[in-house]
Every structure is written in structure tokens, then in C-alpha cells.
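# Notes for the structure review
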Amino acid sequence: MDYLTTKGRIFDIQRYSIHDGPGIRTIVFLKGCVLRCQWCCNPESQSYDIQTMMVQGKAKVIGRDVTVEEVMETVEKDRPYYRRSGGGLTLSGGESLLQPEFARDLLKAAKKSGINTAMESMACAPYASIEKVLPYLDVYLMDIKHMNREKHQMFTGKPNDLMLENARKVAASGMTRLVIRVPVIPTFNDTEEEIRQIARFADSLPGVDKIHLLPYHRLGQDKYDGLNRKYLLNGILPPENEHMERLKAAVMRHSSLNCQIGG
Amino acid sequence: MKKFQTADIPKPERIPRLIEHLYEKMPEIEASRAVLLTESYMQTENEPMIIRRAKAFAHVMEQIPIIIRDEELIVGSSTIAPRGCQTYPEFSFEWLEAEFDTVEKRSADPFYIAENTKEALRQVHKYWKGKTTSELATAYMAPEAIRSIDHNIFTPGNYFYNGVGHVTVQYDKVLAVGFEGIKKEAEDYLALCSPGDADYATRTHFLEAVIISCDAAITYANRYAVLADSMAQKENDAKRKEELIQIAKNCRRVPAEGAGCFWQACQSFWFVQQLLQLESSGHSISPGRFDQYMYPYYEKCVLKGDMTREFAQELMDCIWVKLNDLNKCRDAASAEGFAGYSLFQNLIAGGQNKDGVDATNDLSFMCIQASKHVFLPQPSFSVRVWNGSPHEFLLKAAELTRTGLGQPAYYNDEVIIPSLMNRGLTLEDARDYNIIGCVEPQKAGKTEGWHDAAFFNMCRPLELVFSNGVDKGEQISVATGEVSQMHSFEEFYDAYKKQMNYQIALLVNSDNAIDIAHKERCPLPFLSCMVDDCMKRGRTVQEGGAVYNFTGPQGFGIANVTDSLYAIKKLVFEEKKVTLDDYKKALENNYGQGFDEISASEMAVDIIRSLQSTGRTLSEEEIAAVVREIMNLKVSEEDKRKYQQLLDEIENVPKYGNDIESVDLFARDVAYTYTKPLETFKNPRGGTYQAGLYPVSANVPLGAQTGATPDGRLAHTPVADGVSPSAGKDVNGPTAAANSVSKLDHGIASNGTLFNQKFHPSALSGEQGLENFVNLVRTYFDQKGSHMQFNVVDRNTLLDAQKNPEQYKHLVVRVAGYSALFTTLSKSLQDDIIRRTEQGF
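This report concerns the structure included in the present document. All residue numbers refer to position in the chain's written sequence, counted from 1. Starting at A for chains and at 1 for ligands, labels are handed out in the order in which the entities are written. Where totals are concerned, whole chains, interfaces and linings use all residues; where local detail is concerned, this predicted model gives features only for residues with pLDDT of at least 70, and gives and counts side-chain atom pairs only at 80 or more.

### Describing the overall build of chain B
What counts here: Numbering goes from the N terminus for both helices and strands, where a helix is a DSSP run of H or I of at least four residues and a strand is a run of E of at least two. Within these notes, the globule rule equals 2.2 Å times the number of residues to the 0.38 power, and the radius of gyration is based on C-alpha atoms. Here exposure depends only on C-beta density: within 10 Å of a residue's C-beta, 20 or more other C-beta atoms make it buried, 12 or fewer make it exposed, and intermediate numbers make it partly exposed, the C-beta atoms being placed from the backbone. Contacts here follow a simple rule: the backbone-placed C-beta atoms of the two residues must lie within 7 Å.
Across its full length, chain B holds 35 helices and 18 strands. The C-alpha radius of gyration of chain B comes to 27 Å, within 12% of the 28 Å expected for a compact globule of 841 residues. Taking all 841 residues of chain B together, 57% fall into the buried category. A sequence separation of at least 24 residues applies to 79% of the contacts in chain B between residues at least 6 apart.

### Considerations on the interface of chain A and chain B
Basically, it comes down to this: By the convention adopted, Pro, Cys, Tyr, Trp, Phe, Met, Ile, Leu, Val and Ala count as nonpolar, Lys, Arg, Asp and Glu as charged, and the other residues, Gly among them, as polar.
Contact residues are listed per partner, giving 11 residues for chain A and 17 residues for chain B. Taken together, the elements giving at least two residues each to the side of chain A that touches chain B come down to β1 (7-17) and α2 (79-85) of chain A. Take the side of chain A that touches chain B: its biggest share by element is four residues, from α2(A). Of the residues belonging to the side of chain A that touches chain B, the class tally is five nonpolar, two polar and four charged.

### Some remarks on the sheet that holds strand β8 (residues 455-457) of chain B
Residue and element names in this part refer to chain B. Counted only if it meets this: For two strands to be treated as a pair, DSSP must find at least two bridges joining them.
On the basis of which strands lie adjacent, the open sheet formed by three strands has the order β1-β8-β12 and mixed pairing. Unpaired on one side and paired on the other, β1 (154-155) and β12 (554-556) mark the two borders of the sheet. Pairing analysis gives three bridges linking β8 to β12, with the strands arranged parallel. Along β12, the bridge assignment pairs Phe455 with Gln554.

### Observations concerning the pairing of strand β14 (residues 756-759) of chain B
Looking along a regular strand, one sees side chains alternate from face to face of the sheet. Residue and element names in this part refer to chain B. Of the two faces of β14, the one holding Asn756 and Lys758 and the one holding Gln757 and Phe759 are both buried throughout. Bridge count for β14 against strand β15 (residues 787-792) is four bridges, and the pairing is parallel. If you follow Lys758 over to β15, its bridge partner there is Asn791.

### Notes on the sheet that holds strand β13 (residues 688-689) of chain B
Taking strand neighbours across the sheet as the criterion, the three strands line up as β7-β11-β13 (chain B) in an open arrangement whose pairing is parallel. Pairing within the sheet leaves two strands with one partner each, and these edge strands are β7 (447-448) and β13 of chain B.

### Re the environment of Glu62(B)
Residues and elements named next belong to chain B. Locating Glu62 in the fold gives a position in helix α3 (residues 49-63). Owing to 14 C-beta atoms within 10 Å, Glu62 belongs among the partly exposed residues under this scheme. Counting along the chain gives 26 residues from Glu62 to Leu36, while the straight-line C-alpha distance between them is 9.6 Å.

### Description of the nonpolar core
This is how the line gets drawn: Among buried residues, those of type Ala, Val, Leu, Ile, Met, Phe, Trp, Tyr and Cys that are joined through C-beta atoms within 7 Å form a set called a nonpolar core.
With 297 residues, the main nonpolar core has Leu106(A), Ala217(B), Phe262(B), Leu315(B) and Ile558(B) as its most contacted residues. Per-element accounting of this core gives the leading share, 13 residues, to helix α10 (residues 200-234) of chain B. When near neighbours in sequence (up to four residues on either side) are disregarded, Ile558(B) contacts Met458(B), Ala667(B), Val670(B), Ala671(B), Leu693(B), Ala720(B) and Val723(B). By size, the runner-up hydrophobic cluster in this structure holds six residues, among which are Ile29(B), Cys85(B), Val103(B) and Phe111(B).

### A closer look at the packing of helix α6 (residues 133-140) of chain B against helix α22 (residues 489-521) of chain B
Residue and element names in this part refer to chain B. Defined as follows: As a rule, the C-alpha atoms of each element are fitted with a line to give its axis, helices using only the stretch in contact, and angles between N-to-C directions run from 0 to 180 degrees. Each angle receives one of four descriptions, namely roughly parallel if under 35 degrees, roughly antiparallel if over 145, roughly perpendicular if within 65 to 115, and oblique otherwise. Should the near helix be turned anticlockwise from the far one by less than a right angle, the crossing is termed left-handed; should it be turned clockwise, right-handed.
Packing of α6 against α22 brings their axes to within 8 Å, and their N-to-C directions diverge by 135°. Classed by the angle they form, the pair α6 and α22 counts as oblique. In this structure, the crossing between α6 and α22 has a hand that is right-handed. Residues Thr133, Leu136, Ala137 and Tyr140 of α6 lie in contact with α22, whose contacting residues are Ala513, Ile514, Ile516, Ala517, His518, Glu520 and Arg521. Residues that form the contact of α6 with α22 fall into these classes: seven nonpolar, two polar and two charged.

### A closer look at the packing of helix α1 (residues 68-77) of chain A against helix α3 (residues 100-112) of chain A
All names here are of chain A. The interhelical angle for the contact between α1 and α3, taken along N-to-C directions, is 45°, at an axis separation of 10 Å. Overall, the two elements α1 and α3 adopt an arrangement that is oblique. The crossing of α1 and α3 is right-handed. Across from Val68, Val71, Met72 and Val75 in α1, the residues of α3 making contact are Asp105, Leu106, Ala109 and Ala110.

Laid out in C-alpha cells, this is it:
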């Protein structure tokens, strides 16, 4: 039972999450990320350091160190809901793979309790880290943001080579159900051509039959002020529903994937 | 596996026009019933009361003006004006006369009243002075009970001033044999009476009264037949002419005889529903299991091909519209508590039959469809859920939830059936339950449940602990000692229980007094002929004729009392951060947040009383000056800091509603302080008391009568609603709140519990959203929750509706146990709805 004592750093646990994996889920947000996506709606997730953020005029400490056992105490509370809805635990962040042992042991603890597991991740880590979590992961919700290396670098701070390579490896392993997710960001990747390229890539991965298009939203904008940071996408509006439908139609036309708007 | 016809049926074109007509103007008060009733009473002065009631009912049926509204397929209107109301002076009238000139302008549920109506009612009211149920009830009450009512510890207002209602009758029986059949039954029972029987006098008079009432209902329907015929003759439109001819045919046949087809079944149902409300003014007369008792006629007509499914749907839609044609004017204070012109006519679909087999049928789906088509507050639509409920039925119900109508409410068979058996119902009867009014379960046609007997404010006895039983300068409760002398939490909690027990006994005293007043002055023969075993026993429901008899007063404020006691336990006795004396001062000073006018007046009353006791008299100006003085009182900076510190400490104490086991189990125990003592009491009809835990919307007006509470709630703000957590205090989302609420013992609160959740529509979007929603409901019920209901609107919509009510005339929200038009609610209630935690976004 050693895995229950593994420590890690999280910044939130959110229950009744219904847009991140099947059924009713509890999301554990791990702190720390390798990317710096300009549209990120959880900017407080990016630094691994424990920070202070102003929320509605009050200073709030972001980040706490916890054991797997402590997290599981909360995750267990909604077990009856998971059973009814086919839901479970979802790891999110940040990038969970920056804390590979903690992520692995959280997933392991859930599996040992018979709870379904999912992870939202960009796969931006050495494959060895991914290999650690795969045996305990039912659904891998993998972000692919852009097929163009330079544009990816410009908007997220890192090129996309490692992620694309990892996506191929995860798919080839056959150890988890891989779902590709694309945040649709105006001025970055919201043209039909850009989305089509991602869809083609996803379609080429063995075992992948689903892609989610997640429309950009601005709900995280206030947090940038709270962290004393500048929001670079100021003035960019969320894509219109009609545009999202057009993109969905393009995906369906050019791939065999099942495409859904939203998580 | 059972297959259902689930395909959507398009909305008939007639429906929007019927609704438009119904909502054209402000509802109006009419005098015809009161005038006819009084005429009859004056002619029957020395006859037995039961006969007088029957004759008065018959007189009204014979002469009250009737109308068939444009395009109606189901006819029968209690007033000429759409959504109008009659008055019921035999229960009470003084409040109405006092409010003649304000009733049109008031914020909650205004009514238009014409000058000549006022005059007619003034004349009639002269007769009723000293003859009403409310006056007799007052005479029967213990003085201590009246004092507690005056001090707002509880309010039995509902039945104190009105008829009881709150019943579901044997619609199935009327549909099958008609009132001729029921008359025949009464005649058979009469033939069995022997002059030497001990109860010969009462029994025979009751049965004769039943016969008079049945004849009266038949007469009333025949008047509609004549009217429809004469309208048909003048009608130029061929289609409408044909409809009117069929309406006339229907009214000649039902409710006199059994229904021959689905249309007649609908018409027969409607007359019963309408006339019950003309006999007495009670609300919550609930259609119950409509999909069950109507099904044989649907089968006979629609499944055999004599009528299209579309037309059957149109008829049901017409009934749904008609249920909004009935109305009731309450006094200004009650109107706040029951806001939304609601009559709480609860209609329920789905669930199991008496043999424990799932009873969902095509009509269950069509009920959901009717609510979608008509989209009005009535009926209060509910669905029953159990392990065997078809998934597609719940998905369809979830689709209705998603529209934002605030309906249906979901009920859990798996909790309600055993809780009813625990109250003595047979297994078969318990399985066949339906819901009355907001959330109260009972067996139709066998129960006089007195389901809404009073509201009991559980926060007030907590105030009495701090004041040693004194309220506004008067000793109104037991002296449980000064709090400064209490040295353990147990001592404090014990004092609370003593205050509760004392006040609960007084609540029972007042309810029983009212019960007897209804029995003596307003027995109801028409209602009683459709409830077993009245005819067999030869007694009305008011005299204990029903098989099952209960009295169900509601406690509310569980969340506030739990959070308060828990804070005292932690801060005073465990962490020793404050003393009870500090707490007492903080509460008296409303945590230093200043006094509003209500607190100031209350304090002024204390001061004025003590001045008067010294023989001084004060002018109105002087009194006003005292109030002003108090409102301007400044709390010292140091005290202010102290109070703020206490509020901060309270904020950090765990709260009910966040899935924290120790707090939630404590809440369970706190609920027992109300539910357990109550079940030891008996009512005059030979039944027992059973608690409910829900406030309708009374948590707002009754909160306004409650001082600051130890959970940090400021004076005169709303108390928590139902068994829901305090507004904004549940911060861990809907599953956590549901887990907390499910820790209460819903089984013992067999008069119903009420759990509200509010969702943003995005939480139910797409098929996946519906699935998750259904699973949320299922899981709460797996954990033995009893009832759940939802508001699905976003906050901005509500704020905008507050600003531009004109554009939101049809915006429906779910308030406590029922749906109401948002714009008709008072500002404070609107604010409360907006404040409730918005979940799932």
C-alpha cells in the first residue's frame, strides 16, 4: 500500500465534472506545466511553485502538497455517482506527467478501488513517464493543438515533435483508449485546413476513433489579473457555433473519426 | 421489454391561443359563489350542518354563472373572468375586506376587484361575523398557542383561514360509474341504516348530503350541455360547431355516468377537479396518478383506433391549460409564502403499481409532452422513480427539466413506500402513492392527510434558548436558564430540545383546534363521497371518515440550526474562542451590521412596554422617534471588530451541505428534534402527526421574522430552504450537496422533504448531459434521498427578468415545491432564487 503515501502537488479538486471523460467525474488538477499556452484558462496551474492569486479581492493560496490517500478520500465520496454514470477519476493540470510517480499512484489507487480513470494531458514528457501511467489508465484525453511546429512553438512555448511522437507510441501500445482533443483558438488553429490536418493525423493513429473540438472560452481571463499577468488574447472572441459546426463537418468529411463539439 | 410510444407530438395550434386568452388580464375576484352560499345558509338556519353544506353547494351549482371560453374542448370554469377566483367567507373573510383596496396593488399575486364586487361581499360578510371556522378555531386554542402564533414561532395560517384541500380523490371511481353510481352506493348504505343505530342521525344525514351533492354536480354539468348546444346553434364555423355538439353530448353523459371515451374521461376528470375547489377553498387538490386512471380510456379509444394519439394529446393539453384557470386569493402575508398564484395541483406519472410492477405507459410520456406544450406552472408535474423505471422515461423527463420549466419534480419510490408503510399503510396502498401539493406522499382516495398543517420555524426556539424563553419582552416559552450558566454543549443542546418540545406541543394544540373547527363548521359531503371509507363509516373526512388520517406540519431551517449548533459546539465548547455571552451580545446586535426597521421596531416595543408599565403613555411621534434612535445607534469600533472576528470564525467552521460526515450526521440528529417528538401526537380524526421538512416559499417571509442566528445569518434574511444547504454555503458542487442531504433520515419525515438544486442549462446539454443528469438523480435516490427538483436557468436571465419583467411574462422558475412565473414573485423571493448556488457550470 506504499502508493497511498506518495506525495504530489495539486491546486484543485473539482467534483461533478461532466465534460472531461465519460459520466460524472472528479477532476484532480495537478500543478505545474511545461507549456505556456496563451489561451490557458488555468494560468495558476502553470508554475509548480505555490503561488498567491487574488480572487474577488481576496488573496488565495494556490497549490498544496497532498498524499494519494488524502486525494482519494475526496475521490471516493462520489463513488455511487461513478457507478451509475460510468464516471470516475480524471487527472488534469497543468501537465500531470510532470509528476509521473504521483500521477501513476493516483491512477493506481483508483483502479484498485474499482474506479474508472482518465487523464487530460499534452503528452509533453519523456515516454518513460507515460509508460508509468499507462497500465492504470482507462482513457487518455490527449491534446493536439497544431500540426505546424513553428506555430506551436510560438503560441505554446514548445515545438510539437515530442507530443506527436508520443501520441503514436501511446496509440501503438494499445494499453488505453486514446481520444484526441483540440482546443479551437481563433487566430491560432481555427481554420478548416488546420483542423483538418489534426484530424488526418488523429485518424492515422491505430485505435483512435474519436476527436473532441473544444471551443475557446474566456472564463479564465480574470485569473490573469489575479496573478498580475497580462492576458495576451485580449479582444479575441469565442468561435461562433456555426463555425464550430463547419469545423466538425470538415473533420467528418476528411476522416473516419467521430467528432464532437465540447468534452 | 415494454415498448412505449415516445415520439414527440407537435403542439396543437389551439393551445397558444387558449393560453393567450387565459393570460390577457390580471385575475379578478368574483362574488357570485359567496352571495349564493350565503343565500342558502340563510334559508337553512336550523338544519344539521352537513345538510346545510350540501344544500349550499347545490344552490351554487344551480345558479353560479357559467361560461365556455373560446375554442375550449374541456369546459367548466369557476369564474367568468379567466384565472379569476371566488371567495369562501365560511372559512374567513376579515382579511379580504381589510385588503379590498390593496389587493390589486400588492407585490405578490395581485387581484383586480370591482367596486360592485366589494359592495356585494361587504353585504355578505355581515352574515358571517362569528360563524367562520377561523373564529371557532381561535376559541378552541390554548392561549399559549395563540401567543406563540403571535410571536411567529409557527404559523398554522393555511387551514386557519382556508379550506383544507390537500387531497386526491377517487377519480377512477367517477370515471367508471359516475355520480349516479356513487348516489346509488349512498342509497344502498342508507337502506342498511336502522333507526335504532347509535349513529343513525349523523350517518343518514351524511348519506343524504352525499346524494344532494351528487345531484348538484350532475345539474351543473347539464347546464354546460345546454349552453354548449345553444352556442352550437349560433356557431358559423362548421368545425367548432361540431366540437360544441360533442361537448354538449359529453356534459350530458359525464359526470352523471361512466365515461364512454377518452374525451368524456377528460371532461369527467375536469368536473371533479373543478368542483372540489368550488366546494371548499383548499389548495393542493391533486390529480395524482393521471396516467394510471386515464389509461383504460386511452386504451379503449386510442389504441383501438377511434381517436388519434394527436387528438388525445390535444385533450390532455387542454386539461393542462384549464388547471391554470383555477385560482385562489390569499391574504397578503400568505400570498408571500405561497407566491405565484399556485394551487399546487400535483399530477404524477410513472412509478410502480400496487403489485410492485412498473406502471409507466404511453400516457406517462404524454403527460411530459403536455407540460412541454403548455409550459405553465400548473399542474405541478412530478415523476416517480424506482429501480425499475424505464431509462427512456427518465431521459424524457430530463428533457423537460432542461427546458427550464422547473418541472418535473422527482420522487423516490424506494424511500417513500417504506416510509408510508411505517405510518401504517398496507404494502399495496403504499406502492400506489401519489404526491399532494409540494412533496407530500399519500394514498389517493383513502387519506385525509392535512399535509400542510403549519410551518414551524426551527430557528426561533434557538433564539428562545438565548433569551431564556422571552420574546419581545414577554415570557412565551419555558425558562431553560441563562446561557451564561451553561457549561457544556449538551446542556445547551438540551435547552434547545426543551424549547422545541414545548413549542411543538403548542403547534399540535393549534392544529387540533382548527381540525375540530372544520369538522363542526365545514364538513364536506361532496369531497367525502370520493374518499374511502366515508360512506361505509357514515362520516365525512373531517370527522375521521378516511382510512388513513394524518396531520403534517412542516419544519424548516434545518441547515441554519445545524450550522448554528455546530458553530456553538466548536467555537464555544471545543475551541473556547468565544463565550455564550459573547455570542448572545453579537446576535442581539446583529453582528454589528446595523439594525433594519424590523429589529428597531422590535427593540422599540421592549422599551415602550417598560415605559408603559410605569404608567407613561407615548404619542405616535414619540414611538417613531424611539425607532429612529435605535436605527441610528452606533456600535463601537471595538465591538464591531469583535463581531467581525466572530463572523470570520463562524465562516471557517464546516457547514452542512459539503459532504462532511460529522456535520451531516449532526444535521440528521437536529432534524430529529422536530420529527421525533411530533410523531408522538394524535389528531382529532384518530390519526397521528407526521413531520415534513420543507418550507414552500415561506423561508423568505418567515426568515424576515427571525433575528440573527449563530451560523452567521443576519437578522431578517431568508432562512435555508427545505432540507437544502444554506444558500451559497455548499461550495463542493451538486454531488456533495446531494450526499449531505441524503444523510438526513428522509424516512421519518414522511410528510415529505424538499431538496432544490439549480443548474445552468449547460449541465444538461446534449444526450450526454441528459444521461449524466438522470444518473445524478438516480444516485441521490440510491442513497435514499426522497425528492429532488431543479431550476435550469442562468443567473443573467433571472437578473434581466427582474429588470425587464415585461419581456419575461412566461418565465417559469421552480420555487420550493412548485413552479411559478418568476415575474409575479416578490422582489425578495426573486433575489433568493438568484442567490441559490448555481451548480454545474
